[in-house]
Amino acid sequence: MFKATIYVNYKPSVLDPKAEVIKKTLGRLGQTNVASVLVGKYFELTLSADSKEAAEQQVDRICDEMLANVNMESYRYDVAAVTA
Amino acid sequence: MKAAVLSFPGSNCDADLLWAIRDICGEEAEMVAANHTDLSGFDLVLVPGGFSYGDYLRSGAIAKFAPVMTALKAFADAGGYVIGICNGFQILTEAGLLPGALQWNQSLQFICEPEPLVVANNQTAFSTAYRADQTITLPIAHGEGNYYADPATLAALEANGQVVFRYAHNPNGSLNDIAGVTNARGNVLGMMPHPERAVEALLGGTDGLGVFQSLIHATKGATTVAAN
(Lines give C-alpha, C1' and ligand atoms only; values in the text may rest on other atoms or scores of the structure.)
Protein backbone atom coordinates (compact mmCIF):
# COMPACT_ATOMS: atom_id res chain seq x y z
CA MET A 1 0.00 0.00 0.00
CA PHE A 2 1.04 3.57 -0.59
CA LYS A 3 0.05 6.77 1.12
CA ALA A 4 -0.14 9.94 -0.93
CA THR A 5 -0.10 13.31 0.80
CA ILE A 6 -1.38 15.98 -1.56
CA TYR A 7 -1.32 19.77 -1.29
CA VAL A 8 -3.46 21.96 -3.56
CA ASN A 9 -3.29 25.75 -3.57
CA TYR A 10 -3.93 28.74 -5.76
CA LYS A 11 -1.28 29.63 -8.33
CA PRO A 12 0.77 32.71 -7.39
CA SER A 13 -0.98 34.70 -10.16
CA VAL A 14 -4.37 34.24 -8.46
CA LEU A 15 -5.21 36.70 -5.69
CA ASP A 16 -6.66 34.60 -2.85
CA PRO A 17 -9.03 36.79 -0.81
CA LYS A 18 -9.05 34.32 2.11
CA ALA A 19 -5.27 34.42 2.44
CA GLU A 20 -5.36 38.23 2.24
CA VAL A 21 -7.89 38.42 5.10
CA ILE A 22 -5.76 36.09 7.25
CA LYS A 23 -2.65 38.15 6.57
CA LYS A 24 -4.44 41.42 7.35
CA THR A 25 -5.85 40.01 10.59
CA LEU A 26 -2.44 38.69 11.64
CA GLY A 27 -1.12 42.20 11.12
CA ARG A 28 -3.90 43.56 13.35
CA LEU A 29 -2.81 41.07 16.05
CA GLY A 30 0.70 42.46 15.95
CA GLN A 31 2.21 39.70 13.77
CA THR A 32 3.43 42.35 11.38
CA ASN A 33 6.47 40.38 10.22
CA VAL A 34 4.27 37.83 8.37
CA ALA A 35 5.12 38.62 4.77
CA SER A 36 2.76 36.21 3.00
CA VAL A 37 0.05 33.62 3.65
CA LEU A 38 -0.79 30.70 1.40
CA VAL A 39 -4.07 28.84 2.03
CA GLY A 40 -4.58 25.44 0.47
CA LYS A 41 -6.18 22.05 0.74
CA TYR A 42 -4.59 18.90 2.10
CA PHE A 43 -5.55 15.37 1.10
CA GLU A 44 -4.36 11.93 2.20
CA LEU A 45 -5.05 8.99 -0.09
CA THR A 46 -4.18 5.39 0.72
CA LEU A 47 -4.04 3.23 -2.38
CA SER A 48 -2.72 -0.09 -3.61
CA ALA A 49 -0.37 -0.03 -6.59
CA ASP A 50 2.30 -2.25 -8.15
CA SER A 51 5.05 0.29 -7.53
CA LYS A 52 5.70 3.75 -6.15
CA GLU A 53 5.97 5.05 -9.73
CA ALA A 54 2.58 3.58 -10.64
CA ALA A 55 1.05 5.13 -7.52
CA GLU A 56 2.57 8.52 -8.38
CA GLN A 57 1.22 8.39 -11.92
CA GLN A 58 -2.25 7.58 -10.62
CA VAL A 59 -2.13 10.37 -8.02
CA ASP A 60 -1.03 12.81 -10.72
CA ARG A 61 -4.06 11.86 -12.83
CA ILE A 62 -6.38 12.18 -9.82
CA CYS A 63 -5.05 15.68 -9.11
CA ASP A 64 -5.46 16.79 -12.73
CA GLU A 65 -8.95 15.34 -13.11
CA MET A 66 -10.46 16.15 -9.76
CA LEU A 67 -8.55 17.41 -6.75
CA ALA A 68 -7.19 20.55 -8.41
CA ASN A 69 -8.65 22.98 -10.92
CA VAL A 70 -5.48 23.52 -12.92
CA ASN A 71 -6.87 26.76 -14.36
CA MET A 72 -6.26 28.43 -11.01
CA GLU A 73 -4.60 25.87 -8.72
CA SER A 74 -1.36 23.96 -8.62
CA TYR A 75 -0.61 20.81 -6.65
CA ARG A 76 2.25 18.79 -5.27
CA TYR A 77 2.34 15.42 -3.56
CA ASP A 78 4.51 12.86 -1.83
CA VAL A 79 3.96 9.13 -2.16
CA ALA A 80 5.40 6.71 0.38
CA ALA A 81 5.05 2.97 0.95
CA VAL A 82 3.05 2.06 4.07
CA THR A 83 2.22 -1.28 5.66
CA ALA A 84 -1.40 -2.19 5.05
CA MET B 1 -38.20 24.31 -29.42
CA LYS B 2 -37.58 21.80 -26.68
CA ALA B 3 -35.26 22.61 -23.80
CA ALA B 4 -33.67 20.33 -21.20
CA VAL B 5 -33.12 21.70 -17.72
CA LEU B 6 -30.48 19.61 -15.96
CA SER B 7 -31.05 18.86 -12.30
CA PHE B 8 -28.23 17.80 -9.99
CA PRO B 9 -28.63 16.94 -6.32
CA GLY B 10 -28.45 20.41 -4.76
CA SER B 11 -29.58 22.38 -7.83
CA ASN B 12 -32.15 24.99 -6.75
CA CYS B 13 -32.82 27.14 -9.81
CA ASP B 14 -34.01 24.28 -12.03
CA ALA B 15 -37.72 24.92 -11.38
CA ASP B 16 -37.20 28.65 -12.07
CA LEU B 17 -35.68 27.81 -15.46
CA LEU B 18 -38.58 25.50 -16.32
CA TRP B 19 -40.95 28.34 -15.38
CA ALA B 20 -39.08 30.81 -17.57
CA ILE B 21 -39.09 28.54 -20.64
CA ARG B 22 -42.55 26.96 -20.28
CA ASP B 23 -44.75 29.47 -18.56
CA ILE B 24 -43.17 32.73 -19.65
CA CYS B 25 -41.81 31.90 -23.12
CA GLY B 26 -44.41 29.22 -23.95
CA GLU B 27 -41.88 26.67 -25.20
CA GLU B 28 -41.41 23.01 -24.29
CA ALA B 29 -39.05 22.14 -21.46
CA GLU B 30 -38.26 19.06 -19.44
CA MET B 31 -36.26 18.43 -16.30
CA VAL B 32 -33.42 15.94 -16.90
CA ALA B 33 -31.87 14.34 -13.82
CA ALA B 34 -28.09 14.21 -13.45
CA ASN B 35 -27.99 10.42 -13.78
CA HIS B 36 -29.55 10.44 -17.26
CA THR B 37 -27.27 9.72 -20.20
CA ASP B 38 -29.33 10.88 -23.16
CA LEU B 39 -30.02 14.43 -24.39
CA SER B 40 -31.25 13.53 -27.85
CA GLY B 41 -34.33 15.39 -29.03
CA PHE B 42 -33.45 18.61 -27.21
CA ASP B 43 -32.59 21.90 -28.94
CA LEU B 44 -31.18 23.63 -25.88
CA VAL B 45 -29.71 22.55 -22.55
CA LEU B 46 -29.81 24.76 -19.45
CA VAL B 47 -27.52 24.09 -16.49
CA PRO B 48 -29.10 25.65 -13.40
CA GLY B 49 -27.83 27.44 -10.34
CA GLY B 50 -27.69 26.04 -6.85
CA PHE B 51 -25.18 24.05 -4.87
CA SER B 52 -24.69 20.84 -6.84
CA TYR B 53 -23.35 18.05 -4.61
CA GLY B 54 -23.06 20.59 -1.80
CA ASP B 55 -20.27 22.40 -3.67
CA TYR B 56 -17.93 19.86 -2.07
CA LEU B 57 -14.27 20.17 -3.09
CA ARG B 58 -15.00 23.18 -5.37
CA SER B 59 -18.21 24.55 -6.89
CA GLY B 60 -19.05 22.25 -9.80
CA ALA B 61 -16.10 19.92 -9.20
CA ILE B 62 -18.27 16.88 -8.42
CA ALA B 63 -21.08 17.72 -10.85
CA LYS B 64 -18.67 17.51 -13.77
CA PHE B 65 -18.48 13.72 -13.23
CA ALA B 66 -22.28 13.22 -13.24
CA PRO B 67 -23.46 10.74 -15.93
CA VAL B 68 -25.40 13.44 -17.83
CA MET B 69 -22.21 15.43 -18.39
CA THR B 70 -20.94 12.98 -21.03
CA ALA B 71 -24.14 13.58 -22.99
CA LEU B 72 -23.84 17.33 -22.41
CA LYS B 73 -20.29 17.38 -23.83
CA ALA B 74 -21.44 15.46 -26.90
CA PHE B 75 -24.39 17.87 -27.28
CA ALA B 76 -22.09 20.91 -27.09
CA ASP B 77 -19.49 19.32 -29.41
CA ALA B 78 -22.25 18.84 -31.97
CA GLY B 79 -22.98 22.59 -31.82
CA GLY B 80 -26.01 22.44 -29.53
CA TYR B 81 -26.78 25.54 -27.45
CA VAL B 82 -25.89 25.27 -23.77
CA ILE B 83 -26.28 27.91 -21.07
CA GLY B 84 -24.99 27.57 -17.52
CA ILE B 85 -26.18 30.05 -14.93
CA CYS B 86 -24.43 30.66 -11.60
CA ASN B 87 -23.55 27.14 -10.33
CA GLY B 88 -24.21 26.05 -13.92
CA PHE B 89 -21.43 28.41 -15.06
CA GLN B 90 -19.13 26.94 -12.41
CA ILE B 91 -19.98 23.41 -13.61
CA LEU B 92 -19.27 24.29 -17.26
CA THR B 93 -15.84 25.76 -16.42
CA GLU B 94 -14.98 22.74 -14.26
CA ALA B 95 -16.04 20.45 -17.11
CA GLY B 96 -13.80 22.33 -19.55
CA LEU B 97 -16.73 23.46 -21.71
CA LEU B 98 -15.85 27.08 -20.93
CA PRO B 99 -12.49 28.74 -20.29
CA GLY B 100 -11.41 30.11 -16.92
CA ALA B 101 -12.65 29.46 -13.40
CA LEU B 102 -14.82 31.04 -10.70
CA GLN B 103 -13.10 31.93 -7.47
CA TRP B 104 -14.29 33.32 -4.14
CA ASN B 105 -15.69 36.86 -4.31
CA GLN B 106 -13.00 39.35 -3.41
CA SER B 107 -15.08 40.54 -0.43
CA LEU B 108 -15.52 36.89 0.73
CA GLN B 109 -19.22 37.74 1.08
CA PHE B 110 -22.13 35.98 -0.54
CA ILE B 111 -23.69 38.76 -2.62
CA CYS B 112 -27.43 38.76 -3.34
CA GLU B 113 -28.29 42.01 -5.15
CA PRO B 114 -29.76 43.34 -8.38
CA GLU B 115 -26.69 44.14 -10.48
CA PRO B 116 -26.42 46.38 -13.55
CA LEU B 117 -24.72 44.71 -16.52
CA VAL B 118 -23.61 45.94 -19.91
CA VAL B 119 -24.28 43.81 -22.98
CA ALA B 120 -20.73 43.61 -24.34
CA ASN B 121 -21.63 41.56 -27.41
CA ASN B 122 -25.18 41.40 -28.80
CA GLN B 123 -24.16 39.27 -31.77
CA THR B 124 -24.21 35.93 -29.93
CA ALA B 125 -26.98 33.33 -29.86
CA PHE B 126 -27.60 34.38 -26.25
CA SER B 127 -27.86 38.13 -26.69
CA THR B 128 -29.39 39.19 -30.04
CA ALA B 129 -32.54 40.41 -28.27
CA TYR B 130 -30.49 43.15 -26.60
CA ARG B 131 -29.08 46.33 -28.08
CA ALA B 132 -25.31 46.76 -28.28
CA ASP B 133 -24.01 48.25 -25.02
CA GLN B 134 -27.49 48.09 -23.48
CA THR B 135 -27.47 48.24 -19.69
CA ILE B 136 -29.70 45.65 -18.05
CA THR B 137 -30.26 44.71 -14.41
CA LEU B 138 -30.20 41.07 -13.31
CA PRO B 139 -30.02 39.59 -9.82
CA ILE B 140 -26.78 37.99 -8.72
CA ALA B 141 -26.62 35.52 -5.83
CA HIS B 142 -23.23 33.91 -5.34
CA GLY B 143 -20.20 33.54 -3.10
CA GLU B 144 -17.88 32.29 -5.83
CA GLY B 145 -18.41 34.42 -8.90
CA ASN B 146 -15.01 36.03 -9.21
CA TYR B 147 -14.01 35.15 -12.78
CA TYR B 148 -10.38 34.24 -13.33
CA ALA B 149 -8.50 33.27 -16.46
CA ASP B 150 -4.81 33.52 -17.26
CA PRO B 151 -3.70 36.56 -19.29
CA ALA B 152 -3.44 34.66 -22.59
CA THR B 153 -6.94 33.22 -22.19
CA LEU B 154 -8.37 36.64 -21.26
CA ALA B 155 -6.77 38.23 -24.32
CA ALA B 156 -8.24 35.52 -26.54
CA LEU B 157 -11.71 35.96 -25.00
CA GLU B 158 -11.61 39.69 -25.70
CA ALA B 159 -10.21 39.30 -29.22
CA ASN B 160 -12.92 36.77 -30.15
CA GLY B 161 -15.80 38.78 -28.65
CA GLN B 162 -16.57 35.97 -26.21
CA VAL B 163 -17.39 38.35 -23.36
CA VAL B 164 -21.18 38.75 -23.59
CA PHE B 165 -21.99 40.50 -20.29
CA ARG B 166 -19.87 42.77 -18.10
CA TYR B 167 -20.63 44.15 -14.65
CA ALA B 168 -21.19 47.91 -14.70
CA HIS B 169 -19.87 48.09 -11.11
CA ASN B 170 -17.74 44.99 -10.58
CA PRO B 171 -19.16 43.42 -7.39
CA ASN B 172 -16.89 40.39 -6.98
CA GLY B 173 -13.44 41.07 -8.42
CA SER B 174 -13.98 39.35 -11.79
CA LEU B 175 -11.17 40.04 -14.24
CA ASN B 176 -12.20 42.45 -17.02
CA ASP B 177 -15.58 42.83 -15.20
CA ILE B 178 -16.67 39.56 -16.83
CA ALA B 179 -20.17 38.41 -15.88
CA GLY B 180 -20.78 36.07 -18.83
CA VAL B 181 -18.59 34.39 -21.47
CA THR B 182 -19.01 31.95 -24.32
CA ASN B 183 -16.72 29.25 -25.65
CA ALA B 184 -14.75 30.01 -28.83
CA ARG B 185 -17.43 28.45 -31.03
CA GLY B 186 -20.13 30.61 -29.43
CA ASN B 187 -22.66 27.85 -28.63
CA VAL B 188 -21.94 27.59 -24.88
CA LEU B 189 -22.49 30.51 -22.48
CA GLY B 190 -21.82 30.74 -18.77
CA MET B 191 -23.03 33.67 -16.67
CA MET B 192 -23.16 34.36 -12.94
CA PRO B 193 -26.25 36.66 -12.97
CA HIS B 194 -29.70 35.03 -13.04
CA PRO B 195 -31.79 35.93 -16.12
CA GLU B 196 -34.47 33.43 -14.99
CA ARG B 197 -35.07 35.61 -11.91
CA ALA B 198 -35.94 38.60 -14.09
CA VAL B 199 -38.61 37.37 -16.50
CA GLU B 200 -41.76 39.03 -15.19
CA ALA B 201 -42.66 42.32 -13.55
CA LEU B 202 -43.75 40.50 -10.40
CA LEU B 203 -40.12 39.43 -9.91
CA GLY B 204 -38.93 43.00 -10.12
CA GLY B 205 -37.96 43.18 -13.77
CA THR B 206 -37.95 41.55 -17.17
CA ASP B 207 -34.39 42.24 -18.31
CA GLY B 208 -33.57 38.52 -18.26
CA LEU B 209 -36.15 37.65 -20.91
CA GLY B 210 -33.79 38.65 -23.72
CA VAL B 211 -31.45 35.74 -22.97
CA PHE B 212 -34.26 33.21 -23.43
CA GLN B 213 -35.80 35.03 -26.41
CA SER B 214 -32.39 35.16 -28.11
CA LEU B 215 -31.86 31.42 -27.55
CA ILE B 216 -35.33 30.49 -28.74
CA HIS B 217 -34.76 32.43 -31.94
CA ALA B 218 -31.31 30.90 -32.38
CA THR B 219 -32.68 27.35 -32.03
CA LYS B 220 -35.38 28.15 -34.56
CA GLY B 221 -32.77 29.33 -37.04
CA ALA B 222 -33.81 32.97 -37.06
CA THR B 223 -31.03 35.43 -37.74
CA THR B 224 -32.38 38.58 -36.15
CA VAL B 225 -34.49 39.39 -33.14
CA ALA B 226 -36.14 42.73 -32.55
CA ALA B 227 -34.45 44.70 -29.80
CA ASN B 228 -36.66 45.02 -26.74
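Our subject is the structure listed above.
What counts as what
Residues numbered from 1 in each chain as written. Chains lettered and ligands numbered in written order. Predicted model: local features only at pLDDT ≥ 70, side-chain atom pairs only at ≥ 80, totals over all residues. Buried ≥ 20, exposed ≤ 12 C-beta atoms within 10 Å, placed from the backbone. Helix = DSSP H or I, 4+ residues; strand = E, 2+ residues; numbered from the N terminus. Contact = placed C-beta atoms within 7 Å. Pairing = 2+ DSSP bridges. Axes fitted to C-alpha atoms, helices over the stretch in contact; angles between N-to-C directions. Core = buried A, V, L, I, M, F, W, Y, C linked by C-beta atoms within 7 Å.

Time to look at helix H5 (residues 209-219) of chain B. All names here are of chain B. Burial analysis of H5 places eight of its eleven residues in the buried class, the great majority of the element. Among the residues making up H5, those that are buried are Leu209, Gly210, Val211, Phe212, Ser214, Leu215, Ile216 and Ala218. Next to the buried residues of H5 lie helix H1 (14-24), strand E3 (44-47) and strand E4 (81-85). Within two residues after H5, Gly221 carries a phi angle of roughly 85°, on the positive side.

Here the focus is the sheet that holds strand E2 (residues 40-47) of chain A. As a general point, the strands of a sheet are linked pairwise by backbone hydrogen bonds and lie either parallel or antiparallel. Residue and element names in this part refer to chain A. Taking strand neighbours across the sheet as the criterion, the three strands line up as E2-E1-E3 in an open arrangement whose pairing is antiparallel. Each of the sheet's edge strands pairs with one partner strand only, and the pair in question is E2 and strand E3 (73-81). Mean inter-strand twist for the sheet, computed between neighbouring axes without regard to direction, equals 15°. Against the sheet, helix H2 (residues 52-67) contacts strand E1 (2-10), E2 and E3, and its axis sits at roughly 155° relative to E3.

Taken together, the eight bridges between E1 of chain A and E2 of chain A define a ladder with antiparallel strand orientation. Bridging across to E2 of chain A, Lys3 of chain A finds its partner in Thr46 of chain A.

With 77 residues, the main nonpolar core has Leu6, Val45, Leu46, Leu72, Val82 and Leu215 of chain B as its most contacted residues. Excluding residues that lie within four positions of it along the chain, Leu72 of chain B makes contacts with Leu39, Val45 and Val82 of chain B. Counting residues in hydrophobic clusters, the runner-up holds ten residues, among them Ala4, Ile6, Val59 and Leu67 of chain A.

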